[in-house]
Structures are given as structure tokens and as C-alpha cells.
Amino acid sequence: MSEQTVMLQNEEELLLSRFPEAVKKDERKGYEGYVVEAKALRDFATTLRDKLGYDYLSSVTGVDYLPEGKMEVVYHAYKTTGGPALVFKVQVPRENPVVPSLVPVYPGADFQEREAWDLLGIKFEGHPNLKRILLWEGFEGFPLRKDWREPYFEEEHKPYKSRFPEGKFFRIEDRNPFGKNVDYPAGFDPDKWIPDNSNALIYEGLGRVERAGDDLPTEQIVVNLGPQHPSTHGVFRMVVTLDGETVVDLEPVMGYLHRNHEKIGERNTWLMNMPFTDRLDYLAPMSNNFGYALAVEKLLGTKPPERAEYIRVIMAELTRIQNHLFAIGMFLNDMGAFFTPSLYAIEERELILDVFEAVAGSRMMVNYFRFGGVARDIPEDVMKKIHALAFERLPRRVDELDRYLTGSEIVRVRSEGTGVLTAEQAIALSAAGPVLRASGVPYDVRRADPYGIYDRFDFDVAVRYHGDVYDRYLIRIDEIRQSLRIIQQALQQIPAGPVLAGKPQYQFRVPPGESYGRVEGPKGELGFYVVSNGKGNPWRYHVRAPSFINLTALAEMTRGQKVGDVVIILGSIDIVLGETDR
Amino acid sequence: MSTKPKKDEGLNSPQYDIPEELQNTVTITTLDKIYNWGRRNSLWPMMFGLACCAIEMICTAAARFDFSRFGMEVMRPSPRQSDVMVVAGTVTKKMVPQIVRLYNQMASPKYVVAMGACASGGGPFKEGYNVVSGIDKYLPVDVYIPGCPPTPQALIYGLMKLQQKVDRQTIKEIYSRPDEMIPVPVLGPDIMDPREYDRIRAYTRQKAEQEAAAAADTAQA
Amino acid sequence: MDGSGILKGLGITLKRLIATYVDDFKRGKQRYYTEEGVEYRRSPEVQGIFTVQYPEEKLPTPEEFRFVPFLVGEEMEDGTLDPRCTACGICAKVCPAQCIWIVRARDPKSGRARPKPAEFYIDVDLCMNCGMCAEYCPFDSIKMDHDYELATYDRHAENVFDLQKLLKPVSYYAEIRPRNYEREEEARRQAEEAKRKAAEARAKAKAAREAKKNPPKQA
């Protein structure tokens, strides 16, 4: 540990001496990292990447500090060799927030900066394509600003006073002049409204663009896949520019499931957000719970009891298995093996969901973690079932899955060499999870920056080196096996005891400060950035969603591929729209 | 809890008396009944999922719950070939124009099932600025299934309710109803229903006047 | 060899098909439409067919299963249900979707608040079935129901549950959640026991003090 401390001190000295004016340590109580002047940001980031080895920019987000009249952009950078985060921030005035874009240094910042522009109105100078990403062009206002109010606004914070003790039932839409969730700016005239977009023609579908070239004159056509398309795993849209059958360019369009998770999260109390996190990546609810619980526990300073730690690990790994099963099943669906492999995968998944249902109460929306533990203990009979699953059934069934899929000629022909992402590209584009590891970067948060009790288990970080679709499929099989190993160890070691530290509380204050809790979710690094101002509600609640950021690499993977393969490339990233759009 | 399945008497329950000796050989039914019998057992859902509920819908289609037992396994990605639209998940403002368009493209008779709290009435995300408070603000809904998400069995129960509804319809009723087109909402500063432009205009003018008055007040003060 | 991978895959499908018939043969009529049959088909040992023939047979809901909440009512002698709820409002405060509305009862004469709900609403179209209300209710009066067959034709008329619709007897609660019910009853018994003991001890101490203050006069 001391070696690391020395290293961190050296880093600090280097940074502060190199930028004596522009970089300061963040002195606010409960905060960490550096505050960088906007004009020095790009140099600072370049130094981090090239001199200090922080080559992976994980999270970019904005915070609206309304009382101070400031906007802050928060960056979390990591080394892909492991270790803690380096946090740096830029503060700009609220009236005209302009920050230099970090896309030239870390291309993975692309979508995240667009999101900060979309929701907070922070302008990133030098961004190649600064458009709204989750909402549509023309939307009025920047919803995550603290002084922006939604049409159904009731109060700043929950719980609402209208519910008790004089809780006469009403429907909120009945208080809206239109009876719906709408509001329009003053003086707006719908007749003069022109849906803005320079790309509108392209989005209309099948618009044609001439290609300038001196060889054979061909025409490029633009095809829309989605938002209602069986291959897109939900409501996701890809605007694909084609030259014949070859993909020239691809632009992901998202936000069709943007359900305002963060705005609602900032109205909620700390505890209320727990069930909402289930609905982020609804295929991996336990991991979401885990990440959020970690972030808030860091601020609260509570530590779960031993048994709870083990239960958390067992549940998180079961979640990973069922998520990967579903991902493999759907991936084979995309490949054209309609539903039969999915049926087999879902069959095993149902058994895991039975466990969740018996322990947490719901198949998908588990709401199981609490700050300082878990909601309830695993009953004895369910424990037996987990034993049977982890030691007998699942290993057998995974082998079976492996046997009939991995060697299949159709799977191999379709997926080998398709959608290649090199290690350098994967790091630069901030890809996470199986996508990153299939490209040959053995980066796993469980190993690189262990949380919970993951440092106690013996498991291998699955890694493959080709970076193609086939490897991304194989890595999921590998990870299921490793997860089973972890569960088996945890089941053997789990001690008896309480599962929740302290008394269950529903209203509590959280000490002021910021905190970033991250876990290795099935889709990749899932992070929760929360800021507390000492009240019962989070001041800022941001989710670093792996599905969303992994899509940054989609265009890179699909360029030069056939249009039919776009579908399986997307399937191999394994996105869930609840998390992508939040 | 478990009982033997009852014999399906949906079809063979005429209002006419059949002689005892012919009861196993002759079936008398009405045209409505046989027509509905055919329809209710081949309700093809659209392959169309929005959010969490869609995963439960996939599970319903999979081996354990298997709604092909109800003739619903043929999920069609094309609206032209589907009879029932299961709105499975949160409807957002950005998605609603597409959903309305898909509904318009479906061939009559068509049905809409709102699966889950979100599709029924907005659900836990109702207060969000991009969420539609229930798909029934735009489309006529036949069956609402509460739950967040409804379990596969709850979904099947809802679909059985829909079958019961189909049973009660008559051919005349189905085809006398005009096939109305629902105007597709437009994405403006907020979602706009083309039928409501007059109201929007009045509202924004009034709002502008109020703001001007408020500004004048502060200027005077 | 080319094609062997595909053959292997098809072989597994064939194996599943055969397993179903082998199972049928082994278990006979036991396999369908019986409780053991369903239990077997959802256990980790199952081979072959997996389908549960809803609605004829239903998956048993585990004890912790939660759908929408209901209110526990004590069965009174006249057959009515008396809600355990004391209108403390904790469920309404902890509800993430804010779907609970409570009007606290007032004494008709004095106008003072009484610990009973006058009106109680849950908007099922908002409820996210998270179970927070049941978890944090200090009086064990709101619990999560197991009944998931709630589909309706008209949500405006039916999906706002009022006090009448929410109230269910204690016996129903004991039936769907036996372990929880037992645990809570036990805790309540112990609390009462402790209370009684404390009261006794207090009475004794008081008596002792009294005795010290004015010692019984010797006759």
C-alpha cells in the first residue's frame, strides 16, 4: 500500500509543478482530485495520458452548483494496469459554460460530452458533433439544471406533502392544462415550428448521398435500422450509410427510452433510488444495486457485515451469469438461429430468476441491497437451490452451451474476424467489460480496483485477443465459468450472522461530499457518481452506463463490414436500452 | 391449485338443442362464434418491446410459459401482419410518434395491450419530463396489465382477458367501425398533438401575456 | 470436419426431445397438473420439457414475492375488517413512486387526529412493486400481495385501489407469508412480554419505594 501512496504523491508533485497556476487540489470537504482551469484542460489531460499512464477516461459528467453559480465537469480517469481513479474537474460560470472538449485526447468522451450538453447545457468547444443525444433537437431547456422544472413538477424533493396527512387522491395530469405531461414556452407558435435538423433528410430514411470519387461512380444509400427493429434489442436506432452492402458510416441514435432517471433520482431520497436502479440495466439488477450501494456507503462510512458481503457477491455473480446467458441467446438470435438457443439460455435464466424471486421478491426488479447490507437473508431452502445450481446444473449446462455453439461452423463463419476492435481503440474509446477484455485488455474492476470482498476470491480475468465478435461471445462463456468459481468459493466460505449493519432506516442525511462507486457489471464498468450537500436527497446523481459508452465504439467496429453483420456486432456489444438511455 | 384442464366449451355451446345421439358428431355454432374462435386463437403480437416489460414478454414467449399454447407465438416484426400490439414498457415522448405510426399501419381489427404500470399510466417514471403518462393518451387500449413488471403469468392472464374481449365482439361490430387514423404527434419544444394546435396557441399566448404583465409589475415596483 | 459442429448442436436438441419422453415415461401422470409435477419442473434437476401450463397449473409464488401492496385488517367479531394501519404516513413517505395517498381520520367531535386512516389510496399505475412500504411499516399493516391476476379493461375505474379494495384479513396474510407472519407474531409476543415484565418491575419498584417511604406501622 505504501508503494502506491508514494506513487500518488509523486504524481501529485508532478502535476502541481507542471501546472503551477492552472491546477489546484480540490480543497472542499468530502471532495477529492484536482480543479483545473478550463484553458489548461487539454494539456492537463494529455499529460495524464502520456506521462502518467492514465489512458482510460471512464466517466465524464456535469454538476450544476446553482447556489455558487457554477457548472462543474467531473472526469474520472484510470490506468488500464489497475489502481484508483484520478479525478479532475473544471469549473465554469453558469451563464456561459464553455469547456474545451476532450475528444481529441480521449475519444471515449464523445457521447458523454454530448450527454452533458444535452442535459446540462455545457458547451464543449472543439467537439466534432455536439448535438443533443438523449432528447431531440429543439427540446426546450436543459432538464438537469437545478432551476429547470418538468411539466409535472410538484415539489423540489420527495416525499411530497400532498400525500399525507391530507392525501386526497388526484392524478397529476388533471392539474395540467392539456391533461398530459406537456408544457410549452411562452409565445410559441406551432405553425411556425420547423423540426430542426440538418440531418433530417438522412433520418427520413433512404435518402441518397452521392459519393465523390474518381473510380466507378456509385451511390451511397442511407438505411435506418430501428427504433422498431427486431435486432436492436429494444428501441435503438442505427443510421447506416451504405456503399452497396458495405457500411461506410454508422450513427447510433438513442434516447427512445430516456426516462429521466437522473432528474427523478435527484428528487428522490437516497433510499428511494434503490428500486429505480433496478430499472437501469434490467437484465442485471443486482449489479446496479451493488454500485449504488457502494457509492452511498462511501459517503456514509458504513460497512456491511461479513455475511452480507458474501450474499452480495453471490447475487452479483448470479446476475452476471443470467445476463450473459441472455446475451448469448439473443446474440444467436441476431445471427439467425431464431429462438432455439435463446430458449435453452432462458431456461437456465429462469432458474436463477426463481432464486431472485424467492430471496428478493421479484424476478427482475430485485430492490435487494440496502446501505450497509442487504434487505433480508437467503432462506435455507433457497440456499440449497443455489448450491444445486452453482455446483451441478449450471456448470453442466454451460458446457452444453459451449459444446453446441462454440464449434458450430455457422457461428464461426459469421463471427470470426467480424467487427474487430483493437486494444488501442478499445482503450481510447472507453469501451468496458467484455468488449474491452475481448480486445486483449485484461481490465476487470473486480481485480484492478477491488470492491466489496472480491480480493478474497481466486478467479481469472477472462481475456481474449482477437477483438472480434467471436471473441466477445467466447469471453461471455469464460466469464460465466469464472463467476461460477466465485460463487462456489463464496458458498463454501459464507459465515453466519446479521445481514444489515445497524437499524433499517428510511430517512437519513448523508454527509456532504462526492463519491464514485463502481462495480464490474455484466456489461462493463458501472459507476454511480453522487454528490451530497448534507440533505436527505442527492444533489447530483449520475450513472456511468457501460451500455451507453460501449456504443461509442460501434461506429468504429462496423466500418467496412457488411450490413448484415451490423446486427451481430451490436448483439455482441450486448446493450440494454434502459441503461443506454436511462 | 392445479386442476385438470376444463374442456374448451367456447365453440360448442350453441343455443340450439342437439339430439342426444348426435351430440358428439354435430356441432352447431354461430358465424360470430366460429369467426371469433379463429381470431382469438391466433392473435399475433407485434415483436416490439420498449423496456423492462419486454424482457418479461420474451420470457413469456420462451419455454417455461410458452404463449404459443394460446396461438400467440408468431411474433411479427411488421405491423401489417400483427393483430395485437403489446406496449411493453415506458413510452417516451421521443418514441410516441413511432408507436402511433406503427399502430396506424396495423390492419383492422387490431388490439392494444398496455403491459405494466408505465404503459398503463406512466408508472414510477411518470413525473419524468420525457415520459408519456400512459399510452392511452394516444391510442385506444383494450387491456391494462398492472405490475412493474407484470410476471409472465400476469401477462398471460391479461392476454386471456383480451381473448375474452375478442369472444364478445360480433362481426358486424368489428367491421362497422371506421378505421380511423391517429394523427402522428410532432416533436417540438415538447410533444405536440396536431389536433391540439389551437389549444397550444391559446396557452402559449396567455403565458406570454402573463409573463409580460409580471415583468411590467416588477419594472413598476 | 465441416458440419460436425452443426450436427452436434442438432444432437443436443434431439437429446432434449428424448429427455421429455423419457421423463413422461418415468413419471407418468404425476408430471402434469399436479403440485409435485410443477415443483419438479422448476427444480434444478429438471430434464426435458419445462413448460408450466398456466392457467391450469400455476407456479407457486415464493413467500417473499411481491406484487401490489395490501392492508392487513384484523377480523372483528361482526365480520368487518379493522385496519391495523395507524395512519403514521411512513409508507407514503418512503414510497419511491409516491403512489400512496393517506387521509388521516379525525375525531368528529374534537377534530383531533386519530390514529386511523379515513381514506387510503394506492395508484397501481404508479406503483413499482418495490416493497419499501411493507419493509418500513412499523405496525406490520401494509404488506405485499401475491395476487398478480389484475388485468382490467378500464384503468381509470379500477386501478386506483381504495381502502375497501386494499383491506384483506390477517388470515390471508398468514396464508401467503407464513414465515413472516410467525416471526412478526413472535416478536409482538416478546415485546408484549417485555412490556408486561417492565410494568411489573416498575410496579414492584414503586411498591418497594412506597414501602420504604412509609414503613408499615407495627401494630
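The model shown is predicted, which means the values in this text are computed figures rather than measured ones.

Asker: Outline the overall build of chain C, supporting the account with residue identities and numerical values.
Answerer: Assigned secondary structure in chain C consists of 8 helices and 7 strands. Taking 2.2 N^0.38 as the reference for a compact globule, 219 residues should give roughly 17 Å; the C-alpha atoms of chain C span a radius of gyration of 28 Å, well beyond that estimate. Along the first, second and third principal axes, the C-alpha atoms of chain C reach 110 × 50 × 40 Å. By residue count, 46% of the 219 residues in chain C fall in the buried class. About 12,000 Å² of surface is accessible on chain C, with carbon and sulfur atoms providing 56% of the total.

Asker: Lay out the domain arrangement of chain A in plain terms, naming residues and giving numbers.
Answerer: All names here are of chain A. Along its sequence, chain A is organised into domain 1 (2–125) and domain 2 (261–581). Here the C-alpha centroids of domain 1 and domain 2 sit 27 Å apart. Counting residues at the interface gives 35 residues for domain 1, matched by 28 residues for domain 2. For the pair domain 1 and domain 2, the two sides together bury roughly 2,400 Å², of which 58% comes from carbon and sulfur. Across the domain 1-domain 2 interface, the total number found is 1 salt bridge. In this structure, Lys89 engages Glu514 in a salt bridge whose closest nitrogen and oxygen atoms are separated by 2.7 Å.

Asker: Got a sec to walk through the interface of chain A and chain B? Specific residues and values, please.
Answerer: Facing the 67 residues of chain A at the interface are 56 residues of chain B. A buried area of about 5,700 Å², summed over both sides, lies between chain A and chain B, and 63% of it is on carbon and sulfur atoms. Ranking the residues of chain A by area buried against chain B places Trp136(A), Tyr184(A) and Gln228(A) at the top, with a combined share of 13%. Linking chain A to chain B there are 10 salt bridges.

Asker: An account of the pattern of salt bridges is requested, with residue identities and associated values reported.
Answerer: All names here are of chain A. A full pass over the atoms with the stated rule returns 91 salt bridges over all chains. Between Asp26 and Lys89 there is a salt bridge, and its shortest N-O distance comes to 2.7 Å. Highlighted residues: Asp26 in the loop between β1 (23–25) and β2 (34–36) and Lys89 in strand β5 (residues 86–93), separated in sequence by 63 residues. Considered together, Asp26 and Lys89 belong to a single accessibility category, that of buried residues. In this structure, Arg437 engages Glu520 in a salt bridge whose closest nitrogen and oxygen atoms are separated by 2.9 Å. Taken together, the positions of Arg437 in helix α13 (residues 434–438) and Glu520 in strand β14 (residues 513–521) put the pair 83 residues apart, joining distant regions of the chain. Each member of the pair, Arg437 as well as Glu520, carries the same accessibility label: buried.

Asker: Explain the packing of aromatic side chains residue by residue, including any values.
Answerer: By the definition in use, this model includes 37 aromatic pairs over all chains. Between Phe178(A) and Tyr184(A), the aromatic rings sit 5.2 Å apart at their centres with planes inclined by 80°, giving edge-to-face as the arrangement. By relative accessible area, which is 6% here, Phe178(A) ends up buried. We note Lys146(A) situated over the ring of Trp539(A); from NZ or CZ to the ring centre the distance is 4.4 Å. If you follow Lys168(C) out to its NZ or CZ, it ends over the ring of Phe70(C), 5.8 Å from the centre.

Asker: Mind laying out the interface of chain B and chain C, listing which residues take part and the relevant values?
Answerer: Contact with chain B, which involves 40 residues of that partner, is made by 34 residues of chain C. Regarding the contact of chain B and chain C, the summed buried area is about 3,200 Å², with carbon and sulfur atoms giving 59% of it. Summed over the shared surface of chain B and chain C, the number is 1 salt bridge. Two residues, Asp136(B) and Arg155(C), come together in a salt bridge whose shortest N-O distance is 2.7 Å. Between chain B and chain C we count 11 residue pairs in polar contact (both at pLDDT 80 or more) in total. Those elements giving two or more residues to the side of chain B that touches chain C turn out to be α4 (116–121), β3 (143–145) and α5 (152–168) of chain B. The element best represented in the side of chain B that touches chain C is α5(B), accounting for 10 residues.

Asker: Explain the sheet that holds β3(B) residue by residue, including any values.
Answerer: Residues and elements named next belong to chain B. Taken together, the 3 strands give an open sheet; going across it, the order is β1-β2-β3, and neighbouring strands pair in parallel fashion. Pairing within the sheet leaves two strands with one partner each, and these edge strands are β1 (84–88) and β3. Between one strand axis and the next, the sheet turns by 15° as a mean value, whatever way the strands run. Sheet strands touched by helix α2 (residues 52–61): β1 and β2 (111–115). Its angle to β1, the strand with the most contacts, is close to 130°.

Asker: Please give an account of the sheet that holds strand β6 (residues 160–161) of chain C that cites residues and values.
Answerer: All names here are of chain C. Pairing is antiparallel across the open sheet formed by 3 strands, whose spatial order is β3-β4-β6. Each edge of the open sheet is held by one strand with a lone partner, namely β3 (100–106) and β6. Pairing geometry for β3 and strand β4 (residues 113–123), over 6 bridges, is antiparallel. Looking across to β4, one finds that Arg104 is bridged to Pro117.

Asker: Which residues make up the pairing of strand β11 (residues 246–253) of chain A, and what values go with them?
Answerer: Residue and element names in this part refer to chain A. With 7 bridges joining them, strand β10 (residues 237–243) and β11 adopt antiparallel strand pairing. For Asp243, the partnering residue across the bridge sits in β11 and is Thr246. In sequence, β10 turns back onto β11 through a hairpin of 2 residues, with Gly244 there showing a positive phi of about 65°.

Asker: Provide a residue-level description of the state of the cysteines, including the pertinent values.
Answerer: Residues and elements named next belong to chain C. With the rule as written, the count across this model stands at 0 disulfides over all chains. Lacking any disulfide linkage, Cys85 is separated from the closest cysteine sulfur, that of Cys91, by 6.1 Å. Overall, the relative accessible area of 6% leaves Cys85 in the buried class.

Asker: Pulling in residues and values, what's your account of the side chain of Gln98(B)?
Answerer: When you line up the elements, Gln98(B) lands in helix α3 (residues 96–105). Classification of Gln98(B) by relative accessible area gives buried; the value is 18%. Ignoring any residue separated from it by four or fewer positions in sequence, one finds Gln98(B) in contact with Pro227(A), Arg237(A) and Tyr256(A).

Asker: Please give an account of unusual backbone geometry that cites residues and values.
Answerer: For the peptide bond that leads from Phe164(A) to Pro165(A), omega is 0°, which places it in the cis range. Here Pro165(A) shows up in the loop between β7 (123–125) and α4 (200–203). The step from Ser108(B) to Pro109(B) runs through a cis peptide bond, and the omega angle for that step is -10°. Positionally, Pro109(B) belongs in the loop between α3 and β2. Unlike most non-glycine residues, Asn260(A) shows phi in positive territory, near 65°. By the secondary structure assignment, Asn260(A) is in the loop between β11 and α5 (261–267). Exposure remark for Asn260(A): the relative accessible area of 1% places this residue in the buried category. Residues other than glycine seldom take positive phi values, yet Asp140(C) does so here, at roughly 50°. As for its placement among the helices and strands, Asp140(C) is situated in the loop between α4 (132–136) and β5 (142–144).

The rules we used
Residues numbered from 1 in each chain as written. Chains lettered and ligands numbered in written order. Predicted model: local features only at pLDDT ≥ 70, side-chain atom pairs only at ≥ 80, totals over all residues. Heavy atoms only, no water. Helix = DSSP H or I, 4+ residues; strand = E, 2+ residues; numbered from the N terminus. Rg over C-alpha atoms; globule rule 2.2 N^0.38 Å. Buried < 20%, exposed > 50% of the residue type's maximum accessible area, 1.4 Å probe, protein only. Areas by Shrake-Rupley, 256 points an atom, 1.4 Å probe, with all protein chains shown as cover. Domains from an automatic or database assignment. Contact = heavy atoms within 4.5 Å. Buried area = accessible area lost by both parts, 1.4 Å probe. Salt bridge = Lys/Arg side-chain N within 4 Å of Asp/Glu carboxyl O. Phe/Tyr/Trp six-rings, centres within 6.5 Å; stacked < 30°, edge-to-face > 60°. Lys NZ or Arg CZ within 6 Å of the ring centre and 35° of its normal. Polar contact = N/O pair within 3.5 Å; in protein donor to acceptor, adjacent residues only side chain to side chain. Pairing = 2+ DSSP bridges. Axes fitted to C-alpha atoms, helices over the stretch in contact; angles between N-to-C directions. Disulfide = S-S within 2.5 Å.

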